[in-house]
Amino acid sequence: MELIKNLFGEKGYIDGITIIDTKGEILFTVKFNSKLNSNNVGYEIIGKNFYEIYENLSGNKSSMYRAMELEMPIYVKNQKLKPKNHKEILISSLSIPIKSGGRIVGAIDLSSEEMSDSKKFEKDTEISLDELKKINLKNLSLNKNGAKYTLNNIITNNFEMKQLKEFIKTISDSYLPVMIYGETGTGKELFAQAIHNESKRKDRPFIAQNCAAIPENLLESIFFGTSKGAFTGAVDSPGLLETADGGTIFLDEINSMPMNLQSKLLRALQENKIRRIGAKDVIDINVKIIAALNKDPMKAIEDKELRMDLYYRLSVLNITIPPLRERKDDISVLVNYFVAKYNELLEKNVRYISSDICQTFQTYDWPGNVREIEHIVAFGMSVIRPDEEKLEFSDLERKWIEITGKKKQKTELPVKDLKTMVEEYEKSMIEKVLEISAHNITKASLILKIPRQTLQRKIKQYEL
């Protein structure tokens, strides 16, 4: 909310929210101010192209397009917007790219209409990347501890996962860095936050940064900060390491960090000192580093994505989170957890879960891990009626098929009784053994390990 106030004023009014995909198709929109749309409702434009709704926008003029292109938030103040059949208006707009599976899939835009007395602005004013970074860092510093998850949020029945929780209790207060390895969706940041909140640093800042989410040319200034005059437009601005002083910084996908920056990070960790870009003075820091990879560290080193010396510096304490396919005993407890979570979030009243949900989930390897199972349960909880008390597989089957490509296997009841099926099997086995033994009764009885007289009786019974 603090960031919204910084961008949209003290009252933090937002007049509209819009989500588009990479082609510009409107997936969702809600307008609290009818001036921002050519319709008073807004839902009628879902499925249409964003650039067709607003006459004066093309790809390169849209903040959402630029956010997707640059893969970072873009804030534009006093952008001219011309909805069809409406007068031109001025808006402030914050566009944020949406990532899924490591790629950009769309953008979300928060917009606010400028007041009519804003005529002093004659053209669009785009806030510089440095200013936007400064606003974000200010927001982080106001939230002393950005870590909301604790050990209690690591939901598990699995023995290995329970051991990891005990390990976190043991190492949380150590000043040594921690390296977490786990596939996408296993909950690496959840573990990082739990480590922070279990430590004596829990009242100090926790800052998380995905190293793959920032353009390479901005990474250094974001990590180390800038000094006024270091380059054109540079201002005195602290970096993430300085902002996290006394607390914890979580560096996700650290193997995406450029090698030269990995070298500077290593030096900072060894000396516990940093120097802002363009500054002469060094700054002492006291930061606990938690790094994470979704790729085997040795493979990342082999592929020249991770410096070996940085790996050994960061991996004094290691945590490997097992994927969900290796701990399927967690599936039922996770389903129950997410049902309870979305009962509260969506105001539903599900009290029972159909047994065939967990049974069907056991047949899948879950490449997206915990995140994937939550996605499917969330869908089912979204479509179920508020008065329904039982979540059935049919409620989430559409999303299950969409994600897994599998249809639920139907369990067919046997059409014959057990006695008949046993007799048919026994007959077929005797036939095969008689064929192998060339109908030698003595030899066949020895193979089947039954008395010769019993075999003769069964041959007569089955008319063999």
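Every chain begins its residue count from 1, and numbering advances along the sequence as written. Residues qualify for local features only when their pLDDT is at least 70, as the model is predicted, and side-chain atom pairs are given and counted only at 80 or more; totals for whole chains, interfaces and linings, by contrast, use all residues. To get the side-chain values, take all heavy atoms of the structure and skip hydrogens and water.

Undergrad: Tell me about the overall build of the chain, and name the residues and values.
TA: Starting at the N terminus, helices and strands are each numbered in turn, a helix being any DSSP run of H or I of at least four residues and a strand any DSSP run of E of at least two. When you go through the chain residue by residue, the secondary structure sums to 18 helices and 15 strands. When accessible area is computed with a 1.4 Å probe and restricted to protein chains, residues below 20% of their type maximum are described as buried, those above 50% as exposed, and intermediate ones as partly exposed. For the chain, with 464 residues in total, the buried portion stands at 44%. Of the contacts made within the chain by residues no fewer than 6 positions apart, 66% connect residues no fewer than 24 positions apart. Using a 1.4 Å probe, the Shrake-Rupley method yields the accessible areas, and only the shown protein chains count as cover for residues. Looking at the chain as shown, the accessible area adds up to about 25500 Å², and 50% of this sits on carbon and sulfur atoms. It only takes one pair of heavy atoms within 4.5 Å for two residues to be counted as in contact.

Undergrad: Give a detailed account of a nonpolar patch on the surface, specifying residues and quantitative values.
TA: Patch definition: residues with relative accessible area over 30% and no salt bridge; like charges joined within 9 Å; nonpolar side chains (Val, Leu, Ile, Met, Phe, Trp, Tyr) joined within 5 Å. Salt bridge, as applied in this entry: a Lys or Arg side-chain nitrogen positioned within 4 Å of an Asp or Glu carboxyl oxygen. A cluster of nonpolar side chains, M298, M308 and Y312, forms an exposed patch at the surface whose accessible area comes to about 320 Å². Mapped onto the elements of the fold, M298 is located in helix 10 (residues 297–302).

Undergrad: Break down the pairing of strand 9 (residues 248–252) for me, with residues and values.
TA: With respect to burial, strand 9 is a largely interior element, five of its five residues being buried. With burial as the criterion, each face of strand 9 is covered, one bearing T248, F250 and D252 and the other bearing I249 and L251. With five bridges connecting them, strand 8 (residues 206–210) and strand 9 associate as parallel partners. By the bridge assignment, N210 is partnered in strand 9 with D252. In short, DSSP must find at least two bridges between two strands for them to pair. Relative to strand 12 (residues 288–293), strand 9 runs parallel, the two sharing four bridges. The residue of strand 12 that forms the bridge with F250 is I290.

Undergrad: Lay out the side chain of D330 with the relevant residues and their values.
TA: Its location among the elements puts D330 in the loop between strand 13 (317–320) and helix 12 (331–346). Judged by its relative accessible area of 0%, D330 falls in the buried class. In contact with D330, other than residues within four places in its own chain, are I155, T156, N157, N158, M161 and L324.

Undergrad: Kindly report on the packing of aromatic side chains, identifying the contributing residues and their values.
TA: Pairing of aromatic side chains requires ring centres within 6.5 Å, counting the rings of Phe and Tyr and the six-membered ring of Trp. Pairs whose planes differ by under 30 degrees are stacked, by over 60 edge-to-face, and all others tilted. Evaluated as defined, the whole model comprises eight aromatic pairs. Seen from their ring centres, Y364 and W366 are 4.8 Å apart, and the 75° between their planes marks the pair as edge-to-face. With relative accessibility at 8%, the residue Y364 sits in the buried group. For W366, a relative accessible area of 0% gives the class buried.

Undergrad: Just give me the short version of the packing of helix 17 (residues 441–448) against helix 18 (residues 452–461), but keep the residues and values in it.
TA: Convention adopted: a line fitted to C-alpha atoms gives each axis, helices being fitted over their contacting stretch, and angles between N-to-C directions are expressed from 0 to 180 degrees. One way to put it is that helix 17 packs onto helix 18 with a least axis distance of 9 Å and a crossing angle of 105°. Judged on the interaxial angle alone, helix 18 and helix 17 are roughly perpendicular. Here I441, T442, A444, S445 and L448 of helix 17 lie close against helix 18, whose contacting residues are R452, L455, Q456 and I459. Split by residue class, the contact of helix 17 with helix 18 holds five nonpolar, three polar and one charged. Orientation labels follow simple angle bins: below 35 degrees gives roughly parallel, above 145 gives roughly antiparallel, 65 to 115 gives roughly perpendicular, and whatever is left gives oblique. Polar here means any residue other than Ala, Val, Leu, Ile, Met, Phe, Trp, Tyr, Cys and Pro, which are nonpolar, and Asp, Glu, Lys and Arg, which are charged; Gly is therefore polar.

Undergrad: Give a description of the packing of helix 5 (residues 159–171) against helix 6 (residues 188–198) that names residues and reports values.
TA: Viewed as axis vectors pointing N to C, helix 5 and helix 6 meet at an angle of 40°, and their least axial separation amounts to 9 Å. By the angle class used here, helix 5 and helix 6 are oblique. As for how helix 5 packs across helix 6, the hand of that crossing is right-handed. Between helix 5 and helix 6, the residues in contact are M161, L164, I168 and K169 and F191, A194, I195 and E198, respectively. Definitions for this section: a left-handed crossing has its near helix turned counterclockwise from the far helix by less than a right angle. A right-handed crossing has that turn clockwise.

Undergrad: Lay out the pairing of strand 13 in plain terms, naming residues and giving numbers.
TA: A one-sided burial pattern is seen for strand 13, the buried positions being L317 and I319 and the unburied ones N318 and T320. In this sheet, strand 13 lies alongside strand 7 (residues 178–181) in parallel orientation, the contact comprising four bridges. From the neighbouring strand, I180 faces strand 13, where its bridge partner is I319.

Undergrad: Residue-level account of helix 16 (residues 418–436), with values.
TA: If you check helix 16, its first and last C-alpha atoms are 27 Å apart, about what 19 residues at 1.5 Å a residue would give, namely 27 Å. All of the buried residues along helix 16 are I430, V433 and L434. In a view along the axis of helix 16, the buried residues occupy a sector of 100°, so they form one face of it. Projecting away from the buried face of helix 16 at angles above 90 degrees are the exposed residues Y425, K432, E435 and I436. A positive backbone phi angle near 55° is found at A438, which sits one or two residues after helix 16. An expected span of 1.5 Å times one less than the residue number is assigned to each helix. This arc is taken over the directions from the axis of the helix to the C-beta atoms.

Undergrad: Got a sec to walk through the confidence of the model for the chain? Specific residues and values, please.
TA: Residues of the chain with pLDDT of at least 70 account for 78%, and the chain-wide mean is 79. Each residue gets a pLDDT score, which is the predictor's confidence in that residue and runs from 0 to 100. The model gives residues 34–43 a pLDDT under 50, and that stretch makes 30 contacts with residues more than four places away or in other chains. pLDDT under 50 marks residues 115–144. Its contacts with residues more than four places away, or in other chains, come to 53 contacts.

Undergrad: Break down unusual backbone geometry for me, with residues and values.
TA: Of note in the backbone geometry, E347 takes a positive phi value of approximately 55° without being a glycine. Here E347 shows up in the loop between helix 12 and strand 14 (352–353). The class of E347 is exposed, set by a relative accessible area of 68%. Of note in the backbone geometry, K449 takes a positive phi value of approximately 60° without being a glycine. Note that K449 resides in the loop between helix 17 and helix 18. Look at K449 and you get exposed, because its relative accessible area is 76%.

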